[in-house]
Amino acid sequence: MKPLQDYSHIRGIHLGSHRDGQVMPLEEKLEYCRKLNLNSQRMFMDYEIYAKDPEGAKRELKETTRTCWKYGISTMQILFGGNSLDPAILEPEFWAEKGDAYVRDIVMLLKDEPGLLMWDIMNEPSCNVWYYYASEEDKPKRWAKINAFLEHYCALVKELDPDGCITIGHTEACDLEPSAQWVDVLSFHDYRETRKRIAQNYDLAEEMGRKYGKPVLNSEMCCLCRANPYDLAIQSCMERNMGFYVFELVIGGYWADAHGLIYPDGTIRNPEAIAALYGFFINRSETRVKPKPNREGYVYRAIDGLTAALTDQRGLFRNIDRTSDEILEAAEYAANLMEANGLTSSYDLPSSKIMDWRRQPEDQRDIKAIRDFAFELGEVLKKWAQML
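Quantities reported herein were computed from a predicted structural model and do not represent experimental measurements.

Conventions used here
Residues numbered from 1 in each chain as written. Predicted model: local features only at pLDDT ≥ 70, side-chain atom pairs only at ≥ 80, totals over all residues. Heavy atoms only, no water. Helix = DSSP H or I, 4+ residues; strand = E, 2+ residues; numbered from the N terminus. Buried < 20%, exposed > 50% of the residue type's maximum accessible area, 1.4 Å probe, protein only. Axes fitted to C-alpha atoms, helices over the stretch in contact; angles between N-to-C directions. Parallel < 35°, antiparallel > 145°, perpendicular 65-115°, else oblique. Left-handed = near helix turned anticlockwise from the far one by under 90°. Contact = heavy atoms within 4.5 Å. Nonpolar A, V, L, I, M, F, W, Y, C, P; charged D, E, K, R; others polar. 1 Å grid on protein atoms, 1.4 Å probe; cavity = no way out; pocket = protein on both sides within 12 Å on 5 of 7 lines; lining within 4 Å. Points joined across faces, edges and corners; volume = space filled by probe spheres on them. Expected span 1.5 Å × (residues − 1).

(A) Structural context of unusual backbone geometry. Cis geometry is adopted by the peptide bond preceding Pro-178, which originates at Glu-177 and carries an omega value of 5 degrees. Residue placement: Pro-178 occurs in the loop between strand 5 (166–170) and strand 6 (186–190). Here the residue pair Phe-247 and Glu-248 is connected by a cis peptide bond, since its omega of -5 degrees sits within 30 degrees of zero. For Glu-248, the position within the fold is in the loop between strand 8 (244–247) and helix 9 (271–277). Backbone geometry places Glu-124, a non-glycine residue, at a positive phi of 45 degrees. As for its placement among the helices and strands, Glu-124 is situated in the loop between strand 4 (116–123) and helix 5 (129–132). Judged by relative accessible area, Glu-124 falls into the buried class, the value being 7%. The phi dihedral of Asn-241 is positive, around 55 degrees, even though this residue is not glycine.

(B) Focus on the packing of helix 4 (residues 92–110) against helix 6 (residues 139–160). For the pair helix 4 and helix 6, interaxial distance at closest approach is 10 Å and the crossing angle is 40 degrees. The pairing of helix 4 with helix 6 is recorded here as oblique in orientation. For the crossing formed where helix 4 meets helix 6, the hand is right-handed. When helix 4 is examined against helix 6, the residues Trp-95, Gly-99, Asp-100, Val-103, Arg-104, Val-107 and Met-108 are found in contact with a partner set consisting of Ala-148, Phe-149, His-152, Tyr-153, Leu-156, Val-157 and Leu-160. Considered class by class, the residues forming the contact of helix 4 with helix 6 number 10 nonpolar, two polar and two charged.

(C) Expanded view of the layout of surface pockets. Counted as a void, the second largest pocket has a volume near 660 Å³. Of the residues contributing to the lining of the second largest pocket, the split by class is seven nonpolar, six polar and four charged.

(D) Representation of helix 11 (residues 324–340) in the model. Look at helix 11: 24 Å from first C-alpha to last across 17 residues, which is about the 24 Å you get at 1.5 Å a residue. Of the positions making up helix 11, those classed as buried are Ser-324, Ile-327, Leu-328, Ala-330, Ala-331, Ala-334, Ala-335, Leu-337 and Met-338. Check the buried side of helix 11 and you find it contacts helix 10 (298–309), helix 12 (350–359) and helix 13 (367–384).

Structure, rendered in structure tokens:
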């Protein structure tokens, strides 16, 4: 596809490995992309993967690109991975012996595919041990070597696909020069931790865009363990009217505890992340209205229900003749009231614990743990009982 002047319409996703069909088949992933109004995907590839099985790798790339396009999902195809950079590929000998042939093979394979949005020469060239931990003396030399590699392959891809679009998925906006002159789109990643730091990254990227007269795109963002929540990251990007790619679709595999929108069964971890994709964000302003869980006396009722469930028929707080189902019923009443009003953390939802116990046979449930859990819910609710 020819380069565009504006990529603000891009609502992209990293699908995860196209080899993880056992986690979620590709077409099922794409059904979720359609539901989430996503329209592009960023696909990883590297020489090492290709070298193990060239024909198999090419077959998968073409099939994935075509299947995605069938669902209206375009593809940004990555050619090299910077995260696990082997400095040997930066040598001209590698280019002549292996690299150029590999790039030629992939470009000629996909360049005429209608679903191909652009080429990403390398993902995060500066995010690797070889460069990141270099001495202050060696770092400029190594960065120059990386950029020589990028310039070479930008030129080769443009030669092979003159009408195609080229970018480089830089780790941060500060990396955009000097490669800005070799690409059609300036692409950077943002995993910054605060609104101020995110704004600084975007300001620099937009400044580079104006300087070189080229569109700007955020091709990777959102990470739970980097203080870069989906809600904040997506809102920051939408406020700039900039296209983006979220990392990543499925919660599973290596990045399960840090990234991902949906589980393989279609449930979600974070409703704020899903809402953000539709342009709805948490109200953090002075206009927000705090809920009143006891407005109609339901906190009192929940506490009474828990007390009754934990008290046996003789009026003793020993629960000799109450079943676990009775206690869990009272606990669910309380849990739903708490969760609806934001009185509990989504990290460990009370309702999820209740569902876990209900999946167990009655005679295998830990009745003491259930009683303790219900009692603790009651204590939390008492704290909020005066929110009238």
